Amino acid sequence: MKKIGILTSGGDAPGMNAAIRAVVRTAYTYGIETVGIMRGFEGLIEDDMKLLTREDVGDIIQNGGTVLKTARSERFKSFFGQDKAIENLNKHGIDALVVCGGDGSFRGAADLSKKGIAVMCIPCTIDNDQGYTDYTIGFDTAVNTVLDAVSKIRDTASAHDRTTVVEVMGRECGDIALYAGVTGGADYIFIPEVPVDTGAVITKILEGVERNKNHSIIIKAEGVDISTEKLCDIISQGTGQEVRSVVLAYLQRGGSPSAKDRMLASLIGSRTVELIDADSGSRAIGLSGNEIIDIDIDEAVATKRQVDLELLSLIDNLSK
Ligand code: F6P
């Protein structure tokens, strides 16, 4: 009987539990045993793992976070950490490892793969910063969480005639800001991929004032090269308006996964096990259009995300 290990690593993302469930239940269908590894690569180094039954993954599809817990493992970056991980995988007779996480976790997976371990990577991060897949698991839920916050902020901003800067996650990728910007009707957004132009946001707000629109919603990704406090000061001085800020931070990582994230996790999780059953080696699984795809892990890591800059003009046009 084949045996696989599964871990969740890096920042948690809503839908990780749905992916774990899909892997365990599909493995069951194929007669494959699944071992759950706790706290990502840390648990692999420390040999903290246990068999997962079909029942163990019942009632988790609707929950954010991860039942396997997660960690960012510094030790795993060392030769010692990786050798210890391989020793434990061999000790338990694990034929393939499933890694659910973002870019950093995929890099760890690629290291293991080069040392002869079959590793399958499932893209789970709210940032949507992995270029080889159209969407990562967790992104849609995070955007919906931001939208909910923006709607509430809009009520009070409008009541007080204030401008509000909403800081969202995204260290290197502006996708959360872009998608929440379009769907939340933001007036202006700042993303890491585009140089900061404070003059442009001031002009935009003042154009609104000319047509009696005295509140604006500005969304700024955390990775943008200006602090939210400084940005608020500059906007306030340039427009004469009261400016408030809201940093959404970890709020965006929690919550029940959206239907879209649960669907993606279920499709990718089940394809992952099919690939393992077919002895496909190491692969990164993702979404391209309506197709579930799998590609080489190194290629997945090397594919940088290109944000859709046309969405910036869309935000500008629709907020005029
Ligand atoms: O999951 C990705 C991310 O949310 C980034 O946008 C953010 O900067 C980072 O994780 C922070 O995570 P932590 O504080 O858990 O390392």
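Just so it is clear, the structure is predicted and the values come from calculations on it, not from any experiment.

Criteria and cut-off values
Residues numbered from 1 in each chain as written. Predicted model: local features only at pLDDT ≥ 70, side-chain atom pairs only at ≥ 80, totals over all residues. Heavy atoms only, no water. Pairing = 2+ DSSP bridges. Helix = DSSP H or I, 4+ residues; strand = E, 2+ residues; numbered from the N terminus. Axes fitted to C-alpha atoms, helices over the stretch in contact; angles between N-to-C directions. Buried < 20%, exposed > 50% of the residue type's maximum accessible area, 1.4 Å probe, protein only. 1 Å grid on protein atoms, 1.4 Å probe; cavity = no way out; pocket = protein on both sides within 12 Å on 5 of 7 lines; lining within 4 Å. Points joined across faces, edges and corners; volume = space filled by probe spheres on them. Nonpolar A, V, L, I, M, F, W, Y, C, P; charged D, E, K, R; others polar. Domains from an automatic or database assignment. Near = heavy atom within 4 Å. Polar contact = N/O pair within 3.5 Å; in protein donor to acceptor, adjacent residues only side chain to side chain. Areas by Shrake-Rupley, 256 points an atom, 1.4 Å probe, with all protein chains shown as cover. Phe/Tyr/Trp six-rings, centres within 6.5 Å; stacked < 30°, edge-to-face > 60°. Parallel < 35°, antiparallel > 145°, perpendicular 65-115°, else oblique. Left-handed = near helix turned anticlockwise from the far one by under 90°. Contact = heavy atoms within 4.5 Å.

On to the sheet that holds strand 8 (residues 216-221), then. If you trace the 4 strands from one edge of the open sheet to the other, you get 7-8-6-9, paired in parallel fashion. Every interior strand has two partners, whereas the edge strands, strand 7 (188-190) and strand 9 (243-247), have only one. Taken pair by pair, the neighbouring strands of this sheet meet at an average axis angle of 20°, ignoring direction. Where strand 7 meets strand 8, 3 bridges bridge the pair, whose relative direction is parallel. If you follow Tyr188 over to strand 8, its bridge partner there is Ile218.

Another point: the pairing of strand 6 (residues 163-168). Successive residues of a regular strand alternate their side chains across the two faces of the sheet. Among the 6 residues that make up strand 6, 6 are buried, leaving the element largely enclosed by the rest of the structure. Of the two faces of strand 6, the one holding Thr163, Val165 and Glu167 and the one holding Thr164, Val166 and Val168 are both buried throughout. Bridge analysis of strand 6 against strand 9 gives 5 bridges, and the strand direction is parallel. Looking at the pairing, Glu167 lines up with Val247 of strand 9.

Turning next to the layout of surface pockets. By volume, the largest pocket is sized at about 950 Å³. Element by element, the count of residues in the lining of the largest pocket is highest for helix 4 (residues 103-114), at 6 residues. For the lining of the largest pocket, a count of residues per class yields 10 nonpolar, 10 polar and 16 charged. Composition of the lining of the largest pocket by domain shows at least three residues from each of domain 1 (3-138 + 257-302) and domain 2 (140-254). One number sums up the size of the second largest pocket: a volume of about 210 Å³. In terms of lining residues, the second largest pocket is bounded by 16 residues, among which Tyr188, Ile189, Phe190, Val194 and Leu312 are the most central. The set of elements that each furnish at least two residues to the lining of the second largest pocket consists of strand 7, helix 7 (198-210) and helix 11 (310-318). With 4 residues, the single largest contributor to the lining of the second largest pocket is helix 11. Looking at side-chain class alone, the lining of the second largest pocket contains 11 nonpolar, 1 polar and 4 charged residues.

The environment of the ligand is formed by Gly11, Arg72, Asp127, Met169, Gly170, Arg171, Glu222, Tyr250 and Arg253. Within the side chain of Arg72, an N or O atom sits 2.7 Å from an oxygen atom of the ligand. Within the side chain of Tyr250, a nitrogen or oxygen atom sits 2.4 Å from an oxygen atom of the ligand. Across the complex, the protein chains shield 80% of the 400 Å² of accessible surface that the ligand would expose by itself.

Turning our eyes to something else, we now look at the packing of aromatic side chains. Here the structure, examined in full by the defined rule, presents 6 aromatic pairs. Judged by centre distance (6.0 Å) and plane angle (20°), the ring pair of Tyr135 and Phe139 falls under stacked. Taking relative accessible area as the criterion, Tyr135 reaches 22% and is therefore assigned partly exposed. Using a relative accessible area of 2% as the deciding quantity, one classes Phe139 as buried. Taking the centre distance of 6.1 Å and the plane angle of 85° together, the rings of Tyr135 and Tyr179 count as edge-to-face. Here Tyr179 lies in helix 6 (residues 175-183) and Tyr135 lies in the loop between strand 5 (118-123) and helix 5 (139-160), a separation of 44 residues in the sequence. Residue classification places Tyr179 among the partly exposed positions, given a relative accessible area of 26%. Taken together, Tyr135, Phe139 and Tyr179 form an aromatic cluster joined through their ring pairs.

What follows covers the packing of helix 5 against helix 6. For the pair helix 5 and helix 6, interaxial distance at closest approach is 9 Å and the crossing angle is 50°. Between helix 5 and helix 6, the crossing angle belongs to the class labelled oblique. Classified by chirality, the crossing of helix 6 by helix 5 is right-handed. Mapping the contact onto sequence places Phe139, Ala142, Val143, Val146 and Leu147 in helix 5 and Asp175, Ile176, Tyr179, Ala180 and Thr183 in helix 6. The residue makeup of the contact of helix 5 with helix 6, split by class, is 8 nonpolar, 1 polar and 1 charged.

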